[in-house]
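Inside the fold
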Amino acid sequence: MADERRERGDGSIRKRDNGSWEGRYSYIDDDTGKRKTKSVYAPTKNEVKRKLKELINYIDNAPDDSEYIKQNDVTFGGWLDTWMKDYKKNSVRPATYTTYHYCIETHIRPELGDIKLQRLRPDHIQKLLNDMTRGNKKKAPLASWTVLKVKNIISGALEQAIRNQIIPYNPARATIPPKLEQKEIRILTDEEQKQFLEATVGHRYEALFKLALATGMRRGELLALTWDCIDWKSNSIAVKGSVSRVKDPDTGESELHYSEPKTKSSRRQVPILPSIVPVLRAHMERQEAEKAKAGSVWNERTLLFCTNIGTAIEPNKVFSVLNKITESADLPRITFHALRYTFATRMLEAEVPAKVVQDVLGHADVTLTLNTYSHVIGTTAHEQMSKINDLFQDGEIEEIKPAAKLSIKQKITEAKKNQKSAERKTGKEDKIKENQER
């Protein structure tokens, strides 16, 4: 018999005479003080490893007398209902609650709902995650972030069950979700951006799309803006919330929902480019004309972007208009979020520091900015490394220096110099003219 000893406290595995595998775990029973040994069996070595790990996890996390786990027949589906109603309904945003409900009803309940909560094992959950990742004859493979979301929902529900002393440990901890792959980001090229901007000229949503491209604001953030969010003196916009259409899974009804920013960093001041100010002014004049035409029907919510009677614009309406504009400009179809990606890309291409881009976009962590737009930052690698090129050259090779690029700070300083020079020149011309008139 082959006997494979594993690390201390990790049990042992051996191959039996009949070809199957056995995993053993010895431990001291807390109640009797005596050593006990338990075994698990499986036809393959990998499977017995998994079962042994589950057994050890269960024994090592067994409750003490103060945390007695009473046996019950609650199913995992039944516990999910309790968890959603008592612990999630009033603690998460409506949109998040709707997402949880969809994942539970579409993916989790059909596969795991009938299993008793206290009998739910890691392999039950792992099979679900694997099926979602690989797909089958009935269902296509799902995105890795969707699978990870399902895993996190399951784990969250089980963690609460532990706190409620219904189960001794969380079997989802032993599962391995798929690797989260970075989605390819579709952005507009310089030429495509020019075509898109030209196609929006004169359109009722011109200011909306141009502001999106010039600030990187999210669709929900733009639709929640009111005119008092704009500070004309400092040319900045205060992002205070977001709007989205949310369906209540309990009633089946949906409504436009206004919510506070998700994180502290999402509540921010976004600079308005000088070239966008006239666009917003023209948009204000057009809206005032619509308000006068609508009369008493006008909704006094002072929304920056609204319908012709002042009510909120449906988020999906913006997407359908975007499709029509890109089609008219002979551009490929893009998502609204692509405008945000494009803005961030232009900022980084201009060598604006990632921390500044993070603040403008409202990312909670600069790491998110760097990971999301690493493809852009990477394009400057050759330029940056050329700065140390002379360390590796001999004297006979002529050094080729790249054209110097001004930083944002240098550009601002240069602009101020030019402005002062122009003012001095204008002043001299005025004095000459004044002397001539005398």
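Okay, so let's go over this structure.

One pass over the structure, following the stated rule, counts one cavity of 30 Å³ or more. For the largest cavity, the calculated volume is near 50 Å³. Around the largest cavity sit Arg204, His283, Arg286, Gln287, Glu290, Cys306 and Thr307, which together line it. Looking at the lining of the largest cavity residue by residue, the classes come out as one nonpolar, three polar and three charged.

If a strand is regular, its side chains alternate between the two faces of the sheet. Bridge analysis of strand S7 (residues 242–247) against strand S8 (residues 254–259) gives six bridges, and the strand direction is antiparallel. Residue pairing across strands places Ser244 opposite His257, the latter belonging to S8. Counting the residues between successive antiparallel strands, the hairpin from S7 to S8 contains six residues, one of them, Gly252, with a positive phi of roughly 80°.

A separate point is the sheet that holds strand S9 (residues 268–271). By definition, the strands of a sheet pair up through backbone hydrogen bonds, in either a parallel or an antiparallel sense. The sheet built from three strands is open, its strands ordered S5-S6-S9 with antiparallel pairing. Two strands close off the open sheet at either side, each with one partner strand: strand S5 (230–231) and S9. Of the strand pairs in this sheet, strand S6 (residues 236–239) and S9 are connected by four bridges, and their pairing is antiparallel. Bridge pairing links Ser236 to Pro271 in S9.

Quick notes on the rules
- Residues numbered from 1 in each chain as written.
- Predicted model: local features only at pLDDT ≥ 70, side-chain atom pairs only at ≥ 80, totals over all residues.
- Heavy atoms only, no water.
- 1 Å grid on protein atoms, 1.4 Å probe; cavity = no way out; pocket = protein on both sides within 12 Å on 5 of 7 lines; lining within 4 Å.
- Points joined across faces, edges and corners; volume = space filled by probe spheres on them.
- Nonpolar A, V, L, I, M, F, W, Y, C, P; charged D, E, K, R; others polar.
- Pairing = 2+ DSSP bridges.
- Helix = DSSP H or I, 4+ residues; strand = E, 2+ residues; numbered from the N terminus.

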